[in-house]
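# A look at the structure
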Amino acid sequence: MAELSTVARPYAEALFGAARDDKAGLQAWAELVGELAHVAAHPDVREAMSDPRLGDAQRIELFTSLVKAELPQGARNFIELLVANDRLLLLPSIAQQFVALKNQHEGTAQAEITSAFELGADQVKDLVNALETKFGLKLSPVVTVDKSLIGGVRVAVGDQVLDTSVKAQLARLRDTLAA
């Protein structure tokens, strides 16, 4: 069976193409797709959308009634397409790929920064400035704390990872000593 990201990619690309040409703008569409993905990821919604007793029209009506945002006609059409092709539950993967396409289009990327300790706003700003120079992209940081790192930070930008944590350094030392 094909991987979910492979199946979701054409939908994300099609939605991105339509959103890029829409006057509402990519950011508005990214927020809307994020909300749709959030609704689709809920376990009760997943169960209801998988119920064979519901027809396509009922699935569409149920799903759109759960979305808080006002749905433009393009979004309604997209939901109808997903339901008709039995792909509605792929929305979280579609949303992830949509945001990646948006970031690529805008020359930006998301930097997932994991620190052993809480970082102040100035520390995050300095770190992001250094990372933007290294990666040559405008970065939007998402900062989390993981005390198991012991010290330092771990940064993931796309598929690139910089791990300067004490935990990673200890693992490298252990591997060197064991070799």
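Residues numbered from 1 in each chain as written. Predicted model: local features only at pLDDT ≥ 70, side-chain atom pairs only at ≥ 80, totals over all residues. Heavy atoms only, no water.

## With respect to the packing of helix H1 (residues 4-20) against helix H6 (residues 91-106)
Note the threshold: Axis geometry follows a simple rule: fit a line to the C-alpha atoms, using only the stretch in contact for helices, then measure angles between N-to-C directions, giving values from 0 to 180 degrees. Helix and strand labels come from DSSP, where a helix needs a run of H or I of at least four residues and a strand needs a run of E of at least two; each type is numbered from the N terminus. Small angles under 35 degrees read as roughly parallel and large ones over 145 as roughly antiparallel, with 65 to 115 read as roughly perpendicular and the rest as oblique. Left-handed describes a crossing whose near helix is turned anticlockwise from the far helix by less than a right angle; the clockwise case is right-handed. Residues are treated as being in contact if the distance between any of their heavy atoms lies within 4.5 Å.
Following both chains from N to C, one finds H1 and H6 inclined at 50 degrees, their axes separated by 8 Å at the closest point. As summarised for this structure, H1 and H6 are arranged oblique, according to the angle between their axes. Relative to H6, the crossing made by H1 is right-handed. Along its contact with H1, which presents Leu 4, Ser 5, Ala 8, Arg 9, Tyr 11, Ala 12, Glu 13, Leu 15, Phe 16, Ala 19 and Arg 20, the element H6 presents Ser 93, Ile 94, Gln 97, Phe 98, Leu 101, Lys 102 and His 105.

## Observations concerning the packing of aromatic side chains
For clarity, the threshold we go by: For this analysis, a ring pair means two rings from Phe, Tyr or Trp (six-membered ring only for Trp) whose centres lie within 6.5 Å, classed as stacked if their planes differ by under 30 degrees, edge-to-face if by over 60, and tilted for the remaining angles.
Under the definition given, this model contains 1 aromatic pair. A centroid spacing of 5.9 Å and a plane angle of 65 degrees characterise the contact between Phe 16 and Phe 98, whose relative ring orientation is edge-to-face. With Phe 16 in helix H1 and Phe 98 in helix H6, the pair connects residues that are 82 residues apart, well separated along the chain.

## Notes on unusual backbone geometry
For residues that are not glycine, phi is negative in most cases, and the peptide bond is trans in most cases. Backbone geometry at Asp 86 places phi at a positive 55 degrees, although glycine is not the residue there. One can find Asp 86 in the loop between helix H5 (73-84) and H6.

## A look at the nonpolar core
This is how the line gets drawn: For our purposes a nonpolar core is just a set of buried Ala, Val, Leu, Ile, Met, Phe, Trp, Tyr and Cys residues, chained together by side-chain atoms within 4.5 Å. Partly exposed describes any residue whose relative accessible area lies between the buried limit of under 20% and the exposed limit of over 50%, with all areas from a 1.4 Å probe on protein chains only and scaled to the type maximum.
Ranked by internal contacts, the top residues of the largest apolar core, which has 33 residues, are Trp 29, Leu 36, Phe 63, Leu 88, Leu 91, Ile 94 and Phe 98. Taken together, the elements giving at least two residues each to this core come down to H1, helix H2 (26-41), helix H3 (43-49), helix H4 (56-66), H5 and H6. In terms of residue count, the dominant contributor to this core is H2 (9 residues). Setting aside its immediate chain neighbours within four residues, Leu 91 contacts Leu 36, Ala 37, Ala 40, Phe 63, Phe 78 and Leu 82.

## Comments concerning the pairing of strand S3 (residues 153-157)
Let me state the cut-off plainly: Any two strands with at least two DSSP-identified bridges between them are counted as paired.
Within S3, 4 of the 5 residues are buried, leaving the element largely enclosed by the surrounding structure. Two strands pair when backbone bridges link them, and S3 and strand S4 (residues 160-163) are joined in this way by 4 bridges, in the antiparallel orientation. Among the inter-strand pairings, Val 155 is bridged to a residue of S4, identified as Leu 162. The hairpin formed by S3 and S4 contains 2 residues between the paired strands, and Gly 158 there has a positive phi angle of roughly 65 degrees.

## Digging into a nonpolar patch on the surface
To keep things clear, this is the line we draw: Residues form patches when they are more than 30% accessible in relative terms and have no salt bridge. Like charges link within 9 Å. Nonpolar side chains (Val, Leu, Ile, Met, Phe, Trp, Tyr) link within 5 Å. Per-residue and other accessible areas were derived by the Shrake-Rupley procedure at a 1.4 Å probe size, with only the shown protein chains allowed to occlude residues. Salt bridge, as applied in this entry: a Lys or Arg side-chain nitrogen positioned within 4 Å of an Asp or Glu carboxyl oxygen.
Taken together, the side chains of Ile 150, Val 166, Leu 170, Leu 173 and Leu 177 present a nonpolar region at the surface, about 460 Å² in accessible area. Assignment of secondary structure puts Leu 173 in helix H8 (residues 166-178).

## So, the environment of Pro 72
Among the secondary structure elements, Pro 72 is positioned in the loop between H4 and H5. Its relative accessible area of 33% is what places Pro 72 among the partly exposed residues. The spatial distance from the C-alpha of Pro 72 to the C-alpha of Trp 29 is 10.0 Å, given a sequence separation of 43 residues. Not counting residues within four places of it along the chain, the set of residues in contact with Pro 72 comprises Trp 29 and Leu 32.

## What to know about the domain arrangement of the protein chain
Let me state the cut-off plainly: As used throughout, domain bounds are those supplied by an automatic or database domain assignment.
Domain boundaries in the protein chain define domain 1 (1-104) and domain 2 (107-178). Relative placement of domain 1 and domain 2: their C-alpha centres are 31 Å apart.

## Concerning the side chain of Asp 51
The condition that has to hold: Pairs of N or O atoms are called polar contacts if they sit within 3.5 Å, as long as, within protein, a hydrogen donor faces a hydrogen acceptor (for residues adjacent in sequence, only side-chain-to-side-chain pairs).
In this structure, Asp 51 sits in the loop between H3 and H4. In terms of polar contacts, Asp 51 uses its side chain to reach the side chain of Arg 53, at 2.9 Å.

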